[in-house]
Amino acid sequence: MNLFGEVEPVKAEPIAPYLGGKSQLAKSIVGRIQQTKHTTFVDVFFGMGGVFFRRVSVPTAEVINDINSELVTLFRVLRSHPEILLQELSVMLAARTEFDALKKADPTHMTDIQRAVRFYYLQRLSFGGKSTGRSFGVSPDRPSRFDINQLRENLRLAASRLSSVTIENLDWREVLSRYDSAGTLFYLDPPYWGGEADYGKGVFERKDFAQMAELLSEIRGRFLLSINDREEVRTTFEGFNLEQVHLNYSIGKETGKKVAELIISN
């Protein structure tokens, strides 16, 4: 397998909610990653690391990437200054007024630590894990999702897990080009077909799927891609291995709905 060491997985729940997280599919994907020979693992659409943090062994090199610079700043700060980040978060309260104030604040005028605190706080309390168009998520019959005493251990585990990881903030095309090799395994979790605008305007477009299929057909390494099962997806990626898996949808009124996803590979 070319795996050189074992790591302790971060808890089943990501360090913060994020739209498109792979909580139900992660076990299947991690199993396939562990069975694929590789020396370099590259998570192209990292998000909150729903798959990455559940892995239990590591290859020679690991790379995580996301186009969201605020998210990338969070993980850079978490890796480099975990105790300072935890100290800043410890004085935060789960309050709608605080949420709304931070939501309106301009992060370009903040330090990296302030930006990381802001992003993490908003993600913990945002309904549905949305990173755009956020709204304060609260349930009358559950405790707040922002309790630093409950979250501290998970954040420290995540910081430790990132100690030797390369963190990138690149377009997905550049990641494929820069890190492709015979020993590379790419994991791609792009926006769902039909949800291309979920992560912000211009971040990902419908036409990118066809280009993705073309570029993946040319790489020297291996890849795994997870996406919703649509006829358009099957047509676009028809030259690869397509495996259907089933899971329960778990957002708002759609909770409990049975849906199908595809794990695509070469």
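Throughout, residues of each chain are indexed from 1 in the direction in which the sequence is written. Owing to the predicted nature of the model, reporting of local features is limited to residues with pLDDT of at least 70; listing and counting of side-chain atom pairs is limited to 80 or more, with chain, interface and lining totals taken over all residues. The side-chain figures draw on all heavy atoms in the structure; neither hydrogens nor water molecules are used.

Remarks on empty space enclosed by the protein
Here's step 1: With a 1 Å grid laid over protein atoms only, a set of points is called a cavity when a 1.4 Å probe fits there but cannot get out and a pocket when it is open yet has protein on both sides within 12 Å along at least five of seven lines; lining residues have an atom within 4 Å of a point. Grid points are joined across faces, edges and corners, and a volume is the space filled by probe spheres set on the points. Tallied over the full model, the rule gives one cavity of 30 Å³ or more.
Here's step 2: The volume enclosed by the largest cavity comes to roughly 40 Å³.
Here's step 3: Runs of H or I in DSSP of at least four residues are treated as helices and runs of E of at least two as strands, each being numbered from the N terminus. Elements represented by at least two residues in the lining of the largest cavity include exactly β4 (61-65), α2 (69-80) and β5 (166-168).
Here's step 4: The element contributing the most residues to the lining of the largest cavity is α2, with three residues.
Here's step 5: Classes in brief: Ala, Val, Leu, Ile, Met, Phe, Trp, Tyr, Cys and Pro nonpolar; Asp, Glu, Lys and Arg charged; the others, Gly included, polar. Its residues assigned to classes, the lining of the largest cavity shows six nonpolar, one polar and two charged.

Here we look at the nonpolar core
Here's step 1: In this structure, Ile15, Phe75, Leu78, Tyr120 and Leu155 are the most contacted members of the largest nonpolar core, which totals 51 residues.
Here's step 2: Elements that contribute at least two residues to this core include exactly α1 (26-34), α2, α3 (82-89), α4 (96-104), α5 (112-125), α6 (148-161) and β6 (184-188).
Here's step 3: If you tally residues by element for this core, the top one is α5, at seven residues.
Here's step 4: Residue contacts are defined here by distance: any two heavy atoms, one from each residue, within 4.5 Å place the two residues in contact. Contact partners of Phe75, with chain neighbours within four places excluded, come to Ile15, Phe46, Gly47, Met48, Phe53, Leu162 and Ile167.
Here's step 5: Within this scheme, the nonpolar core is defined by two criteria: the residues are buried Ala, Val, Leu, Ile, Met, Phe, Trp, Tyr or Cys, and they are joined through side-chain atoms within 4.5 Å. For the exposure calls, accessible area comes from a 1.4 Å probe over protein chains only, and a residue counts as buried if that area is under 20% of its type's maximum, exposed if over 50%, partly exposed in between. Judged by nonpolar contacts, the second largest core, of 26 residues, contains Phe209, Ile219, Leu225 and Ile227.

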